[in-house]
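In case you want the letters, here they are:
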Amino acid sequence: MSPRLGIDEDSGVAVVTLDRPERLNAIDLETARELAEVWRALRFDDSVRAVVLAGAGGRAFCTGIDRDAVVPQPGSPYMQDDPLLTVGPKANDLWKPVVAAVEGMACGGAFYLLGECEFLVAGAEAVFFDPHTTYGMVSAYESVLMAQRMPYGEVARMMLMGAAERMSARRAHEIGLVSELTEAGRALEAAVACATVVAGYPAAAVQGTVRALWAAKEASLAAGFAQAPHLVALGNLPAEQQAELFAGRRARGFGVR
């Protein structure tokens, strides 16, 4: 089952782990449903006062939607069904602080999750990128979410460069996307340490602060998300052309900065 949920009742910290390492923790439709269920269940567990979100296996935090997932779409460019819109804690009305522990790749649809975490801790070998444009897809929701966390030029470069370039953990730390940089393999430990501190504070004050922080960017997110469905519908190549571009991906190199 993915995700896994572990709760330390002494510290009040829950660790949610995406557990599909054989698929680089890509999210299929079942995982999307289960993630929403986990976040909603944590709303009712008063013993949990802070949460850490991680990916199993070390190779990837998350690589977005599983390419084998089949998501039927309506014909209208104004109506798009996106299963990743419900995978994050804020989308499920969870106002407990969530800290992301990132090791390996975090790309594409991973930003739906990272965009709804309070802050990110990353191991030194973590990399961030968004391959949408490379494969003929509009990066809409991902761009809107990351534009709240990164300088405009940095997020524009990431989204437009696609699979040709990966942002290193060091660069992500320099621009403020990552708040703490650790040795490779130590991100979870550091994230849990931060969450433990926060979980030790009065819960109502912490949750009110989380809600206030999110309120500061809700309006711009809503405006961006309102544009996303038809931009995706109008800008995406047909699925078979996307598949052709994806099949040729190994011929392309990429840079890390």
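Scoring rules and cut-offs
Residues numbered from 1 in each chain as written. Predicted model: local features only at pLDDT ≥ 70, side-chain atom pairs only at ≥ 80, totals over all residues. Heavy atoms only, no water. Helix = DSSP H or I, 4+ residues; strand = E, 2+ residues; numbered from the N terminus. Core = buried A, V, L, I, M, F, W, Y, C linked by side-chain atoms within 4.5 Å. Buried < 20%, exposed > 50% of the residue type's maximum accessible area, 1.4 Å probe, protein only. Contact = heavy atoms within 4.5 Å. Expected span 1.5 Å × (residues − 1). Pairing = 2+ DSSP bridges. Axes fitted to C-alpha atoms, helices over the stretch in contact; angles between N-to-C directions.

Moving on: the environment of Met161. One can find Met161 in helix H4 (residues 152–161). On a C-alpha basis, the gap between Met161 and Ala184 in space is 25 Å, while along the polypeptide they are 23 residues apart.

On to the nonpolar core. Formed by 52 residues in total, the largest nonpolar core has its most connected members in Trp39, Leu42, Val102, Leu114, Phe128 and Met146. Ala50, Ala54, Val99 and Ala190 belong to the second largest nonpolar core, which has 13 residues in total.

As a further point, take the environment of Val210. On the secondary structure map, Val210 appears in helix H7 (residues 203–235). Its relative accessible area of 4% is what places Val210 among the buried residues. Along the backbone, Val210 and Ser2 are 208 residues apart, and their C-alpha atoms lie at a distance of 26 Å. Setting aside residues no more than four positions away along its own chain, Val210 makes contact with Lys90, Trp95, Lys96, Pro97 and Glu118.

Turning our attention to helix H1 (residues 29–43). For H1, built from 15 residues, the straight-helix expectation of 21 Å at 1.5 Å per residue is met to within 8% by its first-to-last C-alpha distance of 22 Å. Those residues of H1 not exposed but buried are Thr31, Ala32, Glu34, Leu35, Ala36, Val38, Trp39 and Leu42. The inward-facing, buried residues of H1 abut strand E1 (4–8), strand E2 (13–18), strand E3 (50–55), strand E5 (98–102) and helix H2 (110–114).

This next bit is on the sheet that holds strand E8 (residues 127–129). Taken together, the five strands give an open sheet; going across it, the order is E4-E6-E8-E9-E11, and neighbouring strands pair in mixed fashion. At either margin of the open sheet sits one strand with a lone partner, and together these are strand E4 (60–62) and strand E11 (255–256). Pairing geometry for strand E9 (residues 165–168) and E11, over two bridges, is parallel. In the strand pairing of E11, Arg166 is matched with Val256. Of the strands in this sheet, E8 and E9 are in contact with H4, which crosses E9 at around 140 degrees.

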